[in-house]
Amino acid sequence: LHRRGRVIIEAAQAHGLALLHQPAPLAATSFGVGELIDHAWETHRPTDMIVTVGGSASTDGGAGALQALGLTLLD
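Here we summarise the structure given alongside this text. Given the structure is predicted, the values throughout are model-derived calculations rather than measurements.

The rules behind each value
- Residues numbered from 1 in each chain as written.
- Predicted model: local features only at pLDDT ≥ 70, side-chain atom pairs only at ≥ 80, totals over all residues.
- Heavy atoms only, no water.
- Helix = DSSP H or I, 4+ residues; strand = E, 2+ residues; numbered from the N terminus.
- Buried < 20%, exposed > 50% of the residue type's maximum accessible area, 1.4 Å probe, protein only.
- Salt bridge = Lys/Arg side-chain N within 4 Å of Asp/Glu carboxyl O.

## Looking at unusual backbone geometry
And step 1. Here Arg 45, not a glycine, exhibits a phi torsion of approximately 45°, which is positive.
And step 2. Mapped onto the elements of the fold, Arg 45 is located in the loop between α2 (31-44) and β3 (48-52).
And step 3. Relative accessible area serves as the criterion here: at 47%, Arg 45 is assigned to the partly exposed category.

Take a look at the structure:
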């Protein structure tokens, strides 16, 4: 959702519980959320970005999203 310089990303749209046929918490990742963040930035250049996490299915603490944004995790 884009409105007046603000982008709202619902993480569950990328890796939500409702999208799973079978829960796999150890394999689920937030990488798709990072892709949404990158796309929103490249497309809209928002002044504010809100990422909601309700209903998300990953347990990586956002590590996948950071990797999608080009960061390298060291530990």
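## Looking at the pattern of salt bridges
And step 1. Going through the model one piece at a time under the given rule, you end up with two salt bridges.
And step 2. One salt bridge connects Asp 48 with Arg 6, and the closest N-O pair in it is separated by 3.6 Å. With Asp 48 in strand β3 and Arg 6 in strand β2 (residues 6-10), the pair connects residues that are 42 residues apart, well separated along the chain.
And step 3. You can call Asp 48 partly exposed: its relative accessible area is 37%.
And step 4. Overall, Arg 6 belongs to the partly exposed group, its relative accessible area being 38%.

Shape is all these values report; function is a separate question.
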